[in-house]
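A closer look at the structure
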Amino acid sequence: MPSQIRYFIGNWKMFGIPSSIKILDKINHYFKQDKKNNRKYKVIIAPPHTLLQDFSYKYKKKKIFICAQNCYYKDNFGAYTGSISPFMIKKTGVNHIIIGHSENRARGENDKIIKEKILLCLKNNFNVIFCIGENKNEKKKKMTIKVLKRQLKSAIEKKYNLRKIVIAYEPVWSIGTGRVPSSYELRKNIITIKKFVKKHFKTRHEPKILYGGSVDKKSVYNFKSIKELDGFLIGGASKSSKDFIDIIKNFYK
Ligand code: PGA
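Here's what I pulled together on the structure shown here. Within each chain, residues carry numbers counting from 1 in the order of the written sequence. Owing to the predicted nature of the model, reporting of local features is limited to residues with pLDDT of at least 70; listing and counting of side-chain atom pairs is limited to 80 or more, with chain, interface and lining totals taken over all residues. Hydrogen atoms and water are omitted, and side-chain values are computed over all heavy atoms in the structure.

**What to know about the pattern of salt bridges**
- One side-chain nitrogen of Lys or Arg within 4 Å of one carboxyl oxygen of Asp or Glu is enough to make a salt bridge. Tallying each qualifying case throughout the model produces 14 salt bridges.
- Note that Glu 103 and Lys 13 form a salt bridge whose closest N and O atoms lie 2.8 Å from each other. On the criterion of sequence distance, the pair formed by Glu 103 in helix α4 (residues 102-105) and Lys 13 in the loop between β1 (6-11) and α1 (21-33) is long-range, its members being 90 residues apart.
- Buried, partly exposed and exposed residues are distinguished by accessible area as a fraction of the type maximum, computed with a 1.4 Å probe on protein chains only: under 20%, between the cut-offs, and over 50%, respectively. Of the residues examined, Glu 103 reaches a relative accessible area of 32% and is grouped as partly exposed.
- One salt bridge in this structure joins Asp 246 and Lys 217, with 3.9 Å as the shortest N-O distance. Taken as a pair, Asp 246 in helix α10 (residues 241-252) and Lys 217 in the loop between β7 (209-212) and α9 (220-223) lie far apart in primary sequence, 29 residues in all.
- Using a relative accessible area of 10% as the deciding quantity, one classes Asp 246 as buried.
- A relative accessible area of 36% means that Lys 217 is categorised as partly exposed.
- Salt bridges sharing partners connect three or more residues here, namely Arg 105, Asp 111 and Arg 150. Helix and strand assignments come from DSSP, with helices taken as H or I runs of at least 4 residues and strands as E runs of at least 2, each series counted from the N terminus.

Okay, here's the thing in structure tokens:
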């Protein structure tokens, strides 16, 4: 069995200016000297659109991958003021993109728009990091699995190449709150998602599932034992090279 590659993805959200490249430089430096573990993981950083071109150019030949945080749901060019299409993002040299983040869903992005975005991103040959997750109320009503299944079914088609889609399970109640699920609960949900994806989309491909929500150097300890977990989507703690590196360090400690 090939060894499992884990993902450490930093989502900068509305953060970063050109000089923030030094955060990447420090992470890159750590990666290069981490000879013991660096074949076991992949680092991906998602800066805002304003930095994509510059960062992807500077990191073209390096081991850190640059990722977009979102795109518009129409492709190519068009009269959509302030919007950026998947095609335009691809031309900045970026190959990864986050779609369906709950912060965008909260601002009106629905299942239909997300489906359109994923379709266009696959058409442009992106690797999609697709976010799903239940909110606090849905969790309270024990609707978590139902919500996750709906989000998956409504966005992905059986004919898609699932190797191009990594799923990020991000319970909305854990994002930026310091609250994380127990490792028991998280493992259970990860396993359910994997089983569902394989069955529903009729694939033998083992889907990659990440966890996101208040991941930091402390909470990462809770998740180390979950072998089904393929990595992390990290918000707040990815804005500091030290915090981000500490997560990787503690995971492999
Ligand atoms: P957080 O954000 O790590 O700050 O909770 C995660 C995310 O929104 O992807």
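The rest of the description comes next.
**A short note on helix α5 (residues 111-123)**
- Here the expected span of a helix is defined as 1.5 Å times the quantity of residues minus one. The terminal C-alpha atoms of α5 lie 18 Å apart, and with 13 residues this matches the ideal 18 Å at 1.5 Å per residue to within 8%.
- Whether two residues are in contact is decided by their heavy atoms: any pair within 4.5 Å suffices. Along its buried surface, α5 packs onto α3 (86-90), β4 (96-99), α4, β5 (127-132), α7 (144-155) and β6 (165-169).
- At the C-terminal side of α5, Asn 125 shows a positive phi close to 60°.

**Quick look at the environment of Leu 119**
- Its place among the elements puts Leu 119 in helix α5.
- By relative accessible area, which is 36% here, Leu 119 ends up partly exposed.
- Between the alpha carbons of Leu 119 and Ile 44 there is a distance of 22 Å; along the sequence they are 75 residues apart.

**Quick notes on the nonpolar core**
- Counting 62 residues, the largest nonpolar core has Phe 8, Ile 118, Val 128, Phe 130, Ile 165 and Phe 232 as its most contacted members.
- Residues contacting Phe 8, with those up to four places away along its chain left out, are Tyr 41, Lys 42, Val 43, Ile 44, Phe 232, Ile 234, Phe 244, Ile 247, Ile 248, Phe 251 and Tyr 252.
- Counting residues in each nonpolar core, the second largest holds 12 residues, with Tyr 7, Ile 44, Val 166 and Leu 210 among its members. Only buried residues count toward a nonpolar core. Its members are Ala, Val, Leu, Ile, Met, Phe, Trp, Tyr and Cys residues joined through side-chain atoms within 4.5 Å.

**Some remarks on the site of the ligand**
- By convention in this text, a residue qualifies as near a molecule or strand provided that one of its non-hydrogen atoms is within 4 Å of it. Residues in contact with the ligand amount to 14 residues; listed here are only the nearest, Lys 13, His 101, Glu 170, Gly 176 and Ser 214.
- Here an oxygen atom of the ligand sits 2.7 Å away from a polar atom, N or O, in the side chain of His 101.
- Relative to its unbound accessible surface of 290 Å², the ligand loses 95% to contact with the protein.
- Under this grouping Gly is polar, as are all residues other than the nonpolar Ala, Val, Leu, Ile, Met, Phe, Trp, Tyr, Cys and Pro and the charged Asp, Glu, Lys and Arg. Here the residues of the shell around the ligand sort into 4 nonpolar, 8 polar and 2 charged. Polar contacts here mean pairs of N or O atoms no more than 3.5 Å apart (in protein, one a potential hydrogen donor and the other a potential acceptor; neighbouring residues in sequence count only if both atoms are side-chain atoms). What sets the accessible areas is the Shrake-Rupley method with a 1.4 Å probe; for residues, cover comes only from the shown protein chains.

**Examining unusual backbone geometry**
- Positive phi, normally seen in glycine, also occurs at Asn 76, with a value near 60°.
- Following the sequence through the fold, Asn 76 ends up in the loop between β3 (64-68) and α3.
- Notably, Ser 214 is not glycine yet its phi reads approximately 55°, a positive angle.
- For Ser 214, the position within the fold is in the loop between β7 and α9.

**Points about the sheet that holds β3**
- Strand pairing requires that DSSP identify at least two bridges connecting the strands. Read around the closed barrel, the 8 strands follow the order β1-β2-β3-β4-β5-β6-β7-β8; overall the barrel is parallel. Taken pair by pair, the neighbouring strands of this sheet meet at an average axis angle of 25°, ignoring direction.
- As paired elements, strand β2 (residues 41-46) and β3 share 3 bridges and run parallel to each other. By the bridge assignment for β3, Ile 44 is matched with Phe 65.
- Every axis corresponds to a line fitted to the C-alpha atoms, with the helix fit spanning only the stretch in contact, and the corresponding angles, defined between N-to-C directions, vary from 0 to 180 degrees. Relative to the sheet, α10 contacts β1, β2 and β8 (231-234), its axis offset from that of β1 by approximately 160°.

**What to know about a positive patch on the surface**
- Residues form patches when they are more than 30% accessible in relative terms and have no salt bridge. Like charges link within 9 Å. Nonpolar side chains (Val, Leu, Ile, Met, Phe, Trp, Tyr) link within 5 Å. For the charge count, each Lys or Arg is scored as positive and each Asp or Glu as negative, with His and the chain ends excluded. To locate a charge, take atom NZ for lysine, CZ for arginine, CG for aspartate or CD for glutamate. Residues Lys 149, Lys 153, Lys 158, Lys 199 and Lys 202 make up a contiguous surface patch of positive charge.
- For Lys 149, a relative accessible area of 32% gives the class partly exposed.

**Section: the packing of aromatic side chains**
- Stacked, tilted and edge-to-face pairs are distinguished by plane angle, under 30 degrees for stacked and over 60 for edge-to-face with tilted covering the rest, among Phe, Tyr and Trp rings (Trp via its six-membered ring) whose centres lie within 6.5 Å. Scanning the model with the defined rule gives 15 aromatic pairs in all.
- With a centroid separation of 5.8 Å and an interplanar angle of 40°, the aromatic rings of Phe 8 and Phe 232 are classed as tilted. Of this pair, Phe 8 sits in strand β1 while Phe 232 is found in strand β8, placing the two residues 224 residues apart along the sequence.
- Classification of Phe 8 as buried rests on a relative accessible area of 0%.
- Measuring from centroid to centroid gives 5.4 Å for Phe 31 and Tyr 41, while their planes differ by 90°, and the two rings are edge-to-face. Here the residue Phe 31 occupies a position in helix α1, and Tyr 41 occupies one in strand β2, the gap between them amounting to 10 residues. The burial state of Phe 31 is the same as that of Tyr 41; both residues are buried.
- An aromatic cluster of three or more residues is present, and its members are Phe 8, Phe 31, Tyr 41, Tyr 211, Phe 223, Phe 232, Phe 251 and Tyr 252.
- Stacked on the ring of Tyr 59, the Lys or Arg Lys 62 has its end atom at 4.9 Å from the ring centre. Put simply, a charge is over a ring when the Lys NZ or the Arg CZ is close to the ring centre, within 6 Å, and near the line of the ring normal, within 35 degrees.

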